[in-house]
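# Close look at the chain arrangement
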Amino acid sequence: MKIMKFGGTSVGKPERMHQVAELIQKDDEAKIVVLSALSGTTNALVEISNNLAGFDKQAAKHNIDKLETHYHDFIPGLVQTADARNAANRIIDEHFEFLNIILKISFSEALNKDILAQGELMSTKLFSVYLQEQGINHRLLPALDFMSIDTYEEPQVKEISNKLAPLLATHKDVKVFITQGYICRNARGEVDNLKRGGSDYTASLIAAAINASVCEIWTDISGMHNNDPRIVEKTVAIEQMSFDEAAELAYFGAKILHPASIWPAQMYKVPVKLLNTMQPEDKGTTIQEMAGSTGVKAIAAKDGIIAINIRSSRMLLAYGFLRKVFEVFEKYRTSIDMITTSEVAVSVTIDNDAHLDVIVKELGALGTVEVDRDETIVSIVGNEIAETKVILASLFESIKDIPVRMVSYGGSRHNISLLVPGKYKQQTLQLLNKGLFNL
Ligand code: ADP
Ligand code: ASP
Ligand code: MG
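For the structure given in this document, a descriptive report is provided here. Just so we're clear, the structure is a prediction, and the values are computed from it rather than from any experiment.

Rules of the game
Position numbers for residues count from 1 along each chain, tracking the sequence in the order it is written. Each chain takes a letter, starting from A, and each ligand takes a number, starting from 1, following the order in which they are written. For a predicted model such as this one, the threshold for reporting local features is a pLDDT of at least 70, and the threshold for listing and counting side-chain atom pairs is 80 or more; totals across whole chains, interfaces and linings nevertheless cover every residue. The side-chain quantities take in all heavy atoms of the structure and omit both hydrogens and water. To qualify as a helix, a DSSP run of H or I must reach at least 4 residues; to qualify as a strand, a run of E must reach at least 2; elements of each kind are numbered from the N terminus. Restricting the calculation to C-alpha atoms gives the radius of gyration, and the globule rule supplies 2.2 Å times the number of residues raised to the power 0.38. Under the scheme applied here, a residue whose accessible area is under 20% of the maximum for its type counts as buried, over 50% as exposed, and between as partly exposed, the area being computed with a 1.4 Å probe on protein chains only. Each accessible area is a Shrake-Rupley result for a 1.4 Å probe, and residues are judged covered by the shown protein chains and nothing else. Charged residues are defined narrowly, with Lys and Arg counted positive, Asp and Glu counted negative, and His plus the chain ends left uncounted. For the purpose of locating charges, the reference atoms are NZ of Lys, CZ of Arg, CG of Asp and CD of Glu. Strands are labelled as partners when DSSP assigns at least two bridges between them. Here an angle of 0 to 180 degrees is reported between the N-to-C directions of two axes, which are lines fitted to C-alpha atoms, with helices fitted over the stretch in contact. Being near a molecule or strand, for a residue, comes down to having at least one heavy atom within 4 Å of it. Two N or O atoms count as a polar contact when they lie within 3.5 Å, although within protein this holds only if one can serve as hydrogen donor and the other as acceptor, and sequence-adjacent residues are included solely when both atoms are side-chain atoms. When residue character is reported, Ala, Val, Leu, Ile, Met, Phe, Trp, Tyr, Cys and Pro are called nonpolar, Asp, Glu, Lys and Arg charged, and the others, Gly included, polar. The patches described consist of residues with a relative accessible area above 30% and no salt bridge, like charges being joined within 9 Å and nonpolar side chains (Val, Leu, Ile, Met, Phe, Trp, Tyr) within 5 Å. Salt-bridge detection follows one rule: a side-chain nitrogen of Lys or Arg within 4 Å of a carboxyl oxygen of Asp or Glu.

## Quick word on the overall build of the protein chain
When its secondary structure is counted, the protein chain shows 13 helices and 16 strands. A globule of 439 residues ought to have a C-alpha radius of gyration of about 22 Å, and the protein chain, at 23 Å, matches this closely. With the principal axes as the frame, the protein chain shows a C-alpha extent of 75 × 50 × 40 Å. A buried classification covers 51% of the 439 residues belonging to the protein chain. When the accessible surface of the protein chain is split by element, carbon and sulfur atoms take 51% of a total near 20000 Å². Looking at the protein chain, you have 46 positive and 55 negative side-chain charges, and the mean spots of the two groups are 2 Å apart.

Shown next, in the form of structure tokens:
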């Protein structure tokens, strides 16, 4: 059995959904098809939630109506028969009735999650109506029946597998299952989600849970590129990479993959393929245990980083100092991305400012604390790059005019990370593209 995940742009137009229907019929292997919301929908739902959180019901109503029109306009292009159009319109009416009801109830975090779930619920149901019109045998598998996160908001593959296996077993004759990406239930049983871009994570978790033959991530670009194509002009697709390389790139900002989406596939040894819905014949990227080659593979950047420097003369020769620093971050469940130390100071970076104030306050007991916001981590990723000396030389040569704030090297064999002020991100990525790839 295999997984085929289609992102927002891949289902964002009626003709794209038709294309997805063709792609899922190309082979006979049984499959679970994971769909995102139509492109733009989750952003629109976030805005509606923000309107409600800000007590602006008028703006919320305006945005709900705009989105509803978009969906009703989508249907005539998607399905042709009167029955199918009626069924699709009824589905959309139901979901927008819900969104209109929430205008009348008081906003809460749980309600926010319910709002955000509407996109994937609608896209999968609309796709199912189209498949039905085409006479394609399939079943809708509600993700809320099997996708879950624990009290720490972490998904557990075993749990998911235990819930999913019996559902699949009741439909042994079915070859095509459709399910929602992104959405899940939390430990309280409420609707929740796997964070923005989470449909990739859904796909990988299901792939792990059922030991799939492959996890295909279908998107709007032909695989992982060597640099961020939104920022750098000349980028090229990478044919092969290792799980470790892909995980680092995803974690450090390559938007094509959700940051956590590699570990389930890696842990359960399911190869991941990144493919282009619009150009399905392109090779794309295959991600598996072996990297295929050594040297620099790609560069990614992660924005909105906060650098925290703790300076203390007491640190001088004192053991236990770093433990005390780390304990503060552990207490507030805030993970550290980069770290550098000197005799009298330690610098760390975090990407989550939810507990920044208390963290800074508690670190204050250990030394003088300085905080810099709007920094960017630029990661240079590739199998064994830390051992390839010439890479270091050309790397630093190419960015000699950039005020690099921190360097992390040697922590892993396949990553060198730099911290630069956010405003130097584009320039840094371009210079590295030239210096390391000659592009
Ligand atoms: P989907 O909606 O299919 O999940 P995303 O927008 O989340 O698609 O991810 C695909 C996008 O990721 C591409 O259109 C591209 O602009 C962006 N991207 C950022 N970095 C990379 C990279 N290194 N390689 C390929 N795409 C990248
Ligand atoms: N629809 C969700 C989002 O836009 C999940 C996803 O597309 O992966 O973040
Ligand atoms: Mg995505």
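What follows continues from the structure just given.
## A short note on the pairing of strand β9 (residues 272-276)
Among the five residues of β9, four are classified as buried, and the element is accordingly described as predominantly covered. In this structure, strand β7 (residues 215-219) lies alongside β9, joined through five bridges in parallel fashion. Counterpart to T219 in the pairing with β9 is N276. In this structure, β9 lies alongside strand β10 (residues 285-288), joined through three bridges in antiparallel fashion. Looking at β10, one finds that L274 is bridged to T285.

## Regarding the sheet that holds strand β14 (residues 368-381)
Within the open sheet, the six strands sit side by side as β12-β13-β11-β14-β16-β15. Their pairing is antiparallel. One side of each edge strand has no neighbouring strand; the edge strands of this open sheet are β12 (336-341) and β15 (406-412). With direction set aside, neighbouring strand axes in the sheet form an average angle of 30°. Relative to strand β13 (residues 345-350), strand β11 (residues 298-311) runs antiparallel, the two sharing six bridges. When the bridges of β13 are listed, A307 appears paired with T349.

## Re the site of ligand 1
Taken together, the neighbourhood of ligand 1 is formed by 16 residues, with K5, T219, D220, H225 and K255 sitting nearest. Within the backbone of G8, an N or O atom sits 3.1 Å from an oxygen atom of ligand 1. Taking H225, its main chain carries an N or O atom lying 2.8 Å from a nitrogen atom of ligand 1. Coverage of ligand 1 by the protein chains reaches 87% of its 570 Å² of free accessible surface.

## Regarding the site of ligand 2
In the region of ligand 2, the neighbouring residues are S36, T42, E120, Y182, R196, G197, G198 and S199. Take G198: an N or O atom from its main chain is 3.4 Å from an oxygen atom of ligand 2. Residue S199 places a main-chain N or O atom 3.0 Å away from an oxygen atom belonging to ligand 2. Coverage of ligand 2 by the protein amounts to 85% of the 260 Å² it exposes when considered alone. The class makeup of the residues in the shell around ligand 2 is one nonpolar, five polar and two charged.

## Quick word on a nonpolar patch on the surface
A cluster of nonpolar side chains, contributed by F396, V404, V407 and Y409, occupies part of the molecular surface with about 300 Å² of accessible area. Structurally, V407 is set in strand β15.

That is the geometry; function is a separate question.
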